[in-house]
Amino acid sequence: MILLVNAAIAGAFLSQNLLLFVLFYELELIPIYLLISIWGGEKRAYAGMKFLIYTALSGILILAGFLGMAWLSDVGSFDYSTIQTQNFGLTTQLILLTVLLLGFGIKIPLVPLHTWLPDAYVESSPPVTILLGGILAKLGAYGLIRFGLQLFPEAWHIVSPTLATIGVISVLYGALTAIAQQDIKRMVAYSSIGHMGYILVAAAAANELSLIGAIAQMVAHGLILAILFQLVGIVEEKVGTRDLNILNGLMNPVRGLPLTSALLIMAGMASAGIPGLVGFVAEFPVFQGTFSVFPIHSLLCIIASGLTAVYFVILLNRTCFGKLDNKLAYYPKVTFSEQAPALILAALIFILGIQPTWLFRWMEPTAQAMVIALNQSVPTQIAIKQ
């Protein structure tokens, strides 16, 4: 089922036809539902059903938007390049874009469409959680940019202030809610909501630098979230709990989990945007590109980035430092095979943080093309309105 999910994700990213995209988008629904419902935690049935309902609704909204495009176009085609040449009226664009925003907003997810995420992430096993947060959520952000920004640039220009506001609300909500959590897996899950909000704010600004930052944030967030959930899974398996009130002293070199703790500290620093790691490389162009268009929103996102440091300091201070219980703290050793995925992800986080051009050079041509198309469409629409 994991292989089927990966095939569906690859198919969705490669699709050049709207219906084919929806087919692959929905293909991963049932395998993920089964992976949660069969191999999840205590509330796996509830979490799996909630994920199924929300994602099915997301797919229905996206299909409705795509059917509307084909029905209202002159050619009646679902081919992406053909749809891209159509000139829809501004009202039509706004309606279709709103439908797509709701559909992809559930998948990202954006506040207040996010309520399926904490339960699904917390109840899933670590590999499934990595798939959900590291890749599937990015499918929503990808769809929003590819089918929202690129197909409806005039409407996007009009609704961009609202989108930026929703993104900032998601960022602040995710950070503040994460601070209040006692379960480290739920804390990481809520942090995901905040970091996905950066992508929407950057996409709303829609200049070259912000779009590069949005795409980089997708990659960076996928790497950071994957290593965090991998390490949280190791801690839960070896210690038997995810409760911050119980966890303590895991950095102890003799009886603790020293390498796991060290990697957890590095992942927390990357998520908080410490320079030299991929999180900073992604967030800096987001803030810089957004500031020229939405300065207040950008400043609020920077404040939220500071709050990210707050909840990760809470997590790391309680989990990694302090004294172990001399009677209970005899944890099994972490094998190399268990640690290997986190080591590979850590290497990628370091390498891309030190050498960001290896990441950016793939994004710049696409970001430039999107900005050129947007700048060509928006003045035309303004002239029509005048």
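Note: the structure precedes this text.
The present account deals with the structure reproduced in this document. Keep in mind that this is a model prediction, so the values were computed, not measured.

1. Things to note about the pattern of salt bridges
Counting across every chain of the model gives six salt bridges. Of the charged contacts, one joins Lys 50 and Asp 119 as a salt bridge, the two residues approaching to 3.0 Å between their closest N and O atoms. Of this pair, Lys 50 sits in helix α4 (residues 44-72) while Asp 119 sits in helix α7 (residues 116-123); the two residues are 69 residues apart in sequence, bridging distant segments of the chain. Judged by its relative accessible area of 16%, Lys 50 is buried. Take Asp 119: its relative accessible area is 16%, and that puts it in the buried class. Among the salt bridges present, the one from Lys 238 reaches Glu 338, with a minimum N-O distance of 3.2 Å. Pair noted here: Lys 238 is in helix α11 (residues 208-239) and Glu 338 is in helix α15 (residues 336-354), with a separation of 100 residues, a long-range link. Here the salt bridges do not stand alone but share partners, grouping Lys 50, Asp 119 and Arg 186 into one network.

2. Some words on the nonpolar core
Counting residues in hydrophobic clusters, the biggest one holds 132 residues, and the most contacted among them are Met 69 and Tyr 121. Looking at this core element by element, the count peaks at 18 residues for α11. In this structure Tyr 121 touches Trp 116, Thr 129, Leu 132, Gly 133, Ala 137, Lys 185, Ala 189, Ser 192, Leu 225 and Phe 229, once residues within four positions along its chain are discounted.

3. Let's talk about the side chain of Ser 15
Assignment of secondary structure puts Ser 15 in the loop between α1 (2-14) and α2 (18-27). Of note is the side chain of Ser 15, whose polar atom sits 2.5 Å from the backbone oxygen of Gly 11. With near-sequence residues (within four places) excluded, Ser 15 lies in contact with Leu 20, Phe 21, Phe 24 and Arg 146.

4. A look at the side chain of Ser 170
Tracing the chain through its elements places Ser 170 in helix α9 (residues 153-179). A residue is classified by how much of its surface remains accessible, and Ser 170, at 0% relative accessible area, is buried. A distance of 3.1 Å separates a polar side-chain atom of Ser 170 from the backbone nitrogen of Val 111. Those residues in contact with Ser 170, other than ones at most four positions away along the chain, are Leu 110, Val 111, Ile 193, Gly 194 and Gly 197.

5. Section: the packing of α9 against helix α10 (residues 184-205)
α10 packs onto α9 with a crossing angle of 160° between their chain directions and a minimal axis gap of 7 Å. As summarised for this structure, α9 and α10 are arranged roughly antiparallel, according to the angle between their axes. Considering how the two elements wind past one another, α9 and α10 form a crossing that is left-handed. Of the residues assigned to the contact of α9 with α10, the class counts are 16 nonpolar, eight polar and no charged.

6. Looking at the packing of aromatic side chains
Applying the stated criterion to the full structure yields 17 aromatic pairs. With centroids separated by 6.2 Å and ring planes inclined at 65°, the aromatic side chains of Phe 21 and Phe 66 adopt a geometry described as edge-to-face. Placement of Phe 21 in helix α2 and of Phe 66 in helix α4 is noted, with a sequence separation of 45 residues between them. No difference in accessibility class separates Phe 21 from Phe 66, as the two residues are buried. Consider the rings of Trp 116 and Tyr 121, whose centres lie 6.3 Å apart with planes at 80°: the pair is edge-to-face.

7. Quick word on empty space enclosed by the protein
Counted according to the given criterion, the structure contains three cavities of 30 Å³ or more. Its volume calculated, the largest cavity comes out at about 80 Å³. Forming the walls of the largest cavity are Ser 191, His 195, Gln 217, Ala 220, His 221, Ile 224, Leu 225, Leu 228, Ala 270, Ser 271, Gly 279 and Glu 283. Elements with a minimum of two residues in the lining of the largest cavity: α10, α11, α12 (258-271) and α13 (278-291). Here the lining of the largest cavity gets six residues from one element, more than from any other, and that element is α11. A per-class count over the lining of the largest cavity returns five nonpolar, six polar and one charged.

What counts, and at which threshold
- Residues numbered from 1 in each chain as written.
- Predicted model: local features only at pLDDT ≥ 70, side-chain atom pairs only at ≥ 80, totals over all residues.
- Heavy atoms only, no water.
- Salt bridge = Lys/Arg side-chain N within 4 Å of Asp/Glu carboxyl O.
- Helix = DSSP H or I, 4+ residues; strand = E, 2+ residues; numbered from the N terminus.
- Buried < 20%, exposed > 50% of the residue type's maximum accessible area, 1.4 Å probe, protein only.
- Core = buried A, V, L, I, M, F, W, Y, C linked by side-chain atoms within 4.5 Å.
- Contact = heavy atoms within 4.5 Å.
- Polar contact = N/O pair within 3.5 Å; in protein donor to acceptor, adjacent residues only side chain to side chain.
- Axes fitted to C-alpha atoms, helices over the stretch in contact; angles between N-to-C directions.
- Parallel < 35°, antiparallel > 145°, perpendicular 65-115°, else oblique.
- Left-handed = near helix turned anticlockwise from the far one by under 90°.
- Nonpolar A, V, L, I, M, F, W, Y, C, P; charged D, E, K, R; others polar.
- Phe/Tyr/Trp six-rings, centres within 6.5 Å; stacked < 30°, edge-to-face > 60°.
- 1 Å grid on protein atoms, 1.4 Å probe; cavity = no way out; pocket = protein on both sides within 12 Å on 5 of 7 lines; lining within 4 Å.
- Points joined across faces, edges and corners; volume = space filled by probe spheres on them.

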